[in-house]
Each structure stands twice: as C-alpha cells, then as structure tokens.
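Take a look at the letters that make up each chain.
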Amino acid sequence: MSPFVPYGRQSIDEQDIMAVAAALRHDLITTGPAVRDFERAFADFVGAAEAVAVSNGTAALHLAVLAAEIGPGDEVIVAALTFAASANCVLYAGADVVFADVSGDTLTVDPANVAALVSPRTRAIIAVDYAGLPCDLGELLAIADAHDLVLIEDAAHAPGARYGERTVGAIAHMTTFSFHPVKHLTTGEGGMVTTQDPRLAEAVRRLRNHGLDSDPKEREERGTWAYDMVDLGFNYRLPDINCALGRSQLAKLPAWLERRQELAGRYLEALSEQPWLRVQARPEDRVHAWHLFPIWLVGDQAGQRRRAAFDGLREHGIGVNVHYLPVYLLTYYRRLGYLPGLCPVAEAAYEGLLSLPMWPGLADADQDRVIHLILEGAWATDG
Ligand SMILES: *Cc1c(COP(=O)(O)O)cnc(C)c1O
C-alpha cells in the first residue's frame, strides 16, 4: 500500500528550523525585529507599500473589515464559494453579508452579480482568489470606485498570483493572506494584511494591538510609559518565532510557485479534455498561484459520481477534498435566513467539486497515480 497523499501540506527544511531556533535565542520573542523583517520582505514580494502581520488569516480579514470602518447597518458583498472566514469577518463587525455568485468558468466571484447586488447600504466587497486564481480585479475595482466601496481581496490561496502587470497584494484596497500549514507558506498559524494606503495599514496595526496608540518600543524611544487606547482592538499579534519561520519560508516561495505551475500543467494536460469534468478557466491576463487544483464533475448525477470519486480515491490513499460548500448553506448561516438556491452557479459547482493533491513536495509518481485513478475510475459514466 502506497503512503497517504494529502491534498496539501507544508514544506519545512533545516533552514526553517534554524531560523526559528535563532528567533528563540533573541531577547524579544514577540513584537521584536523579526516581525518588521517579515512584514518588509512580504510587502516587497507582493509590491505593496505596507504589510501588517497578524495571528491568522481570519484575524487579517476581521481587521481589514474594521479598518474599512464597517459596522452595524452596513452590507458587505462576499463571494459565496469560499471558506466560512471570508464571510464570518463581516458578522464579527455586526454588518450583514450579501452573497454573490461565482462565474461558471473561473469559480471566482462574478462581477455582474456583484454590481447587481450593490445597495445604498453596501460598503465593501470581499472577493476570493479561489484556488489561487486572481478574481476579476479590474472589474471589481471599477464597481468599487463607482459606488465608493472598499475592495478587500481574500488572497489566502494566492500569494504570488498575478493580475496583469501586478502581483496580488498590491491591487485591491486591502489584501489578506493566511499562513496556515496547508497554504503556500506557513508560520504555523499566521496572516497578513497588505495595502498601498498607509492610513489603512496604521488602523490594522493599531487594532492588532488592542487599539493602543503606541507599542512598547515606541514608548521606550519616547521615554514614556503612557499609552492611550483609542479603538477597541484585539491581541492579534504574530510572534517573532512565527515571523522568523515566515521569512525563511518566503525565500522559497518563488521555487514552490514554479513547482505548483509544473504540477498544474501536468494535471491540465491529462484532464482538461475529459468531457465529464471541468477545470478552471485561466484568463490570459492572470497568473494562477495553484493553492488547490480543483476539478468538478459535470453531467447527470454529478453529485453521486463525485461522492464515488471521493470515496474511491480515498480508498487508494489519495486525500482529495472538497472546497467548498457555499458558505450560506452552513447551518449557522441557514439559521440567519439564507436559503438554498441563492447562488445557483456556486451550488452546481459544489455538487461536482474535488480538490486534487497540490503541494510543492508532491512527487511526479504520486501525481501520476492520482491522474491514472481519475482516468480509470468509473466516475466518468452516468449512473
Ligand atoms: C485559510 C483561509 C482563510 C483563513 O485563514 P486562517 O489562517 O486559517 O484563519 C480565509 N479565507 C480563505 C479563502 C482560506 O482558504
């Protein structure tokens, strides 16, 4: 029996371990120099003016929503096909989520649907770079500009992705990232908000540290003990230990992105002409970061065939997964009154979706096994 092949996993080497060990020997193991180093390196990597490290990707979304000054009575339009955190952050702020459907070819949010959902209460859009494919940033920014909305891009799947000439992280008003072990680079747990706007970065910095107007280093430099709390913030800081790991991981990201491209190319060559499944469209103006490699079964009984494919691949030790049930179909959201049928394209895609193994350490031979099992599986035929 071959070893289990997960759909994603972290890559940690001796360099990473040494970077963490060095951080542990430092006087400051949180709020120290490794935080600024990681933030600076990440901002440079995406080409953004500012990057603020926080404790996880969910905290990044929460603080982006708060920095946009969203609160009770406001509406935020959120892509339906995503992880719950992309929408939960709106509820944390006491605002209402309006779910937008995705385009049937890219599975990123459909700008026409977003435009149709804008109301006098709309304050922001949270778009998701599903699987690593940048959402339609040009059109979404045009809608945001026309209605004075804040565009928050949830790029948990997409560090290193590109839209036109620019890298994701320097395009939307605020972009959020996650460093969970299953994502492109990891800090154990961690996240980042990037922006070109120093005022937004300042707000996120303040809110990650209780809403205080200074940090201990600034107070020491000014020779004062006094601080003031000007907002109701949180402790969403990312320790130096984690930032040291992030900085070390970031150095390897370009090579990892190349490997992900290579693996995606091999999947596409084998699977893109199969009439019973679909792969994501890849618009020419975008570079996909391939966090996931999603396929979705189409045709009669797609849901049952997907179930059989999931079980069949799992029996062979292939850790396929499903990303995602549209958020509003989760019990908590149903209780808030959202009904099935709200986003028909996302719901139809969900029925057939499967995420295939995709991570830089995946061996060609294991990927070949996945491809072989899919092509030889009985899931192509109806019934
Ligand atoms: C992983 C993820 C998040 C949350 O990130 P955490 O670091 O786990 O809090 C948010 N949105 C999307 C799309 C994600 O995949």
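What you see is a predicted model, and the numbers here were worked out from it, not measured in a lab. (Residues numbered from 1 in each chain as written. Predicted model: local features only at pLDDT ≥ 70, side-chain atom pairs only at ≥ 80, totals over all residues. Heavy atoms only, no water.)

Enquirer: With reference to specific residues and values, describe the overall build of the protein chain.
Expert: A tally of helices and strands in the protein chain yields 14 helices and 13 strands. Against the compact-globule benchmark of 21 Å for 383 residues, the protein chain has a radius of gyration of 21 Å, which places it among compact chains. Dimensions of the protein chain along its principal axes, counting C-alpha atoms only, are 75 × 55 × 40 Å. The burial tally for the protein chain puts 56% of its 383 residues in the buried class. Counting contacts in the protein chain only where the partners sit at least 6 residues apart, residues at least 24 apart contribute 72% of the total. As displayed, the protein chain has an accessible area near 16,300 Å², and 53% of this comes from carbon and sulfur atoms. The centroid of the 32 positive side-chain charges in the protein chain is displaced by 4 Å from the centroid of its 50 negative side-chain charges. (Helix = DSSP H or I, 4+ residues; strand = E, 2+ residues; numbered from the N terminus. Rg over C-alpha atoms; globule rule 2.2 N^0.38 Å. Buried < 20%, exposed > 50% of the residue type's maximum accessible area, 1.4 Å probe, protein only. Contact = heavy atoms within 4.5 Å. Areas by Shrake-Rupley, 256 points an atom, 1.4 Å probe, with all protein chains shown as cover. Lys, Arg positive; Asp, Glu negative; His and termini not counted. Charge placed at Lys NZ, Arg CZ, Asp CG, Glu CD.)

Enquirer: Pulling in residues and values, what's your account of the packing of helix α11 (residues 302-315) against helix α13 (residues 344-352)?
Expert: Between α11 and α13, the least distance of the axes is 6 Å, while the angle of their chain directions is 40°. It follows from the interaxial angle that α11 and α13 lie oblique. Here Ala302, Gly303 and Arg306 of α11 lie close against α13, whose contacting residues are Tyr350, Glu351 and Gly352. Taken together, the residues of the contact of α11 with α13 sort by class into 2 nonpolar, 2 polar and 2 charged. (Axes fitted to C-alpha atoms, helices over the stretch in contact; angles between N-to-C directions. Parallel < 35°, antiparallel > 145°, perpendicular 65-115°, else oblique. Nonpolar A, V, L, I, M, F, W, Y, C, P; charged D, E, K, R; others polar.)

Enquirer: Lay out the site of the ligand with the relevant residues and their values.
Expert: What surrounds the ligand is a group of 15 residues, the closest being Gly57, Thr58, Asp154, Ser178 and Lys183. Contacts to the ligand include Asp154, whose side-chain N or O atom sits 2.7 Å from a nitrogen atom. Contacts to the ligand include His157, whose side-chain N or O atom sits 2.8 Å from an oxygen atom. Out of a free accessible area of 380 Å², the ligand has 91% covered by protein chains. In a pocket analysis with a 2 Å cut-off to the grid points, the ligand is assigned to the second largest pocket. Every element with two or more residues in the shell around the ligand is listed here: α3 (57-67) and α4 (85-92). A per-class count over the shell around the ligand returns 5 nonpolar, 8 polar and 2 charged. (Near = heavy atom within 4 Å. Polar contact = N/O pair within 3.5 Å; in protein donor to acceptor, adjacent residues only side chain to side chain. 1 Å grid on protein atoms, 1.4 Å probe; cavity = no way out; pocket = protein on both sides within 12 Å on 5 of 7 lines; lining within 4 Å. Sits in = over half its atoms within 2 Å of the grid points.)

Enquirer: With reference to specific residues and values, describe helix α7 (residues 198-208).
Expert: For α7, the complete set of buried residues consists of Leu200, Ala201, Ala203, Val204, Arg205, Leu207 and Arg208. For α7, the elements touching its buried residues are α2 (33-46), β1 (50-54), α3, β8 (174-178) and β9 (191-195). One or two residues past the end of α7 sits His210, with phi positive at roughly 65°.

Enquirer: Got a sec to walk through the state of the cysteines? Specific residues and values, please.
Expert: Counted under the stated rule, the structure contains 0 disulfides. Cysteine Cys343 remains unbridged, with the sulfur of Cys135 as its closest cysteine sulfur at 16 Å. You can call Cys343 buried: its relative accessible area is 0%. (Disulfide = S-S within 2.5 Å.)

Enquirer: I'd like a description of α3, backed by residues and values.
Expert: Along α3, 9 of the 11 residues are buried, which leaves the element largely enclosed by surrounding structure. Looking only at α3, the buried set comprises Gly57, Ala59, Ala60, Leu61, His62, Leu63, Ala64, Val65 and Ala67.

Enquirer: Tell me about the layout of surface pockets, residues and numbers included.
Expert: There is about 560 Å³ of room inside the largest pocket. Contributing to the lining of the largest pocket are 23 residues, with Arg36, Arg205, Arg208, Asp215 and Glu218 lying nearest its centre. Going through the elements one at a time, α2, α7 and α8 (216-222) are the ones with two or more residues in the lining of the largest pocket. Residue composition of the lining of the largest pocket, grouped by class: 6 nonpolar, 5 polar and 12 charged. If you add up the space inside the second largest pocket, you get close to 350 Å³. Lining the second largest pocket are 23 residues; nearest its centre among them are Phe83, Ala156, Ser178, His180 and Lys183. Counted by class, the lining of the second largest pocket contains 9 nonpolar, 11 polar and 3 charged residues. (Points joined across faces, edges and corners; volume = space filled by probe spheres on them.)

Enquirer: An account of the side chain of Thr186 is needed here, citing residue identities and associated values.
Expert: Of note, Thr186 is situated in the loop between β8 and β9. Within the structure, the side chain of Thr186 is placed 2.8 Å from the backbone oxygen of Phe179, a separation counted as a polar contact. Excluding residues within four positions of it along the chain, Thr186 makes contact with Gln10, Ile12, Phe179, His180, Pro181, Leu245, Gly246 and Gln249.

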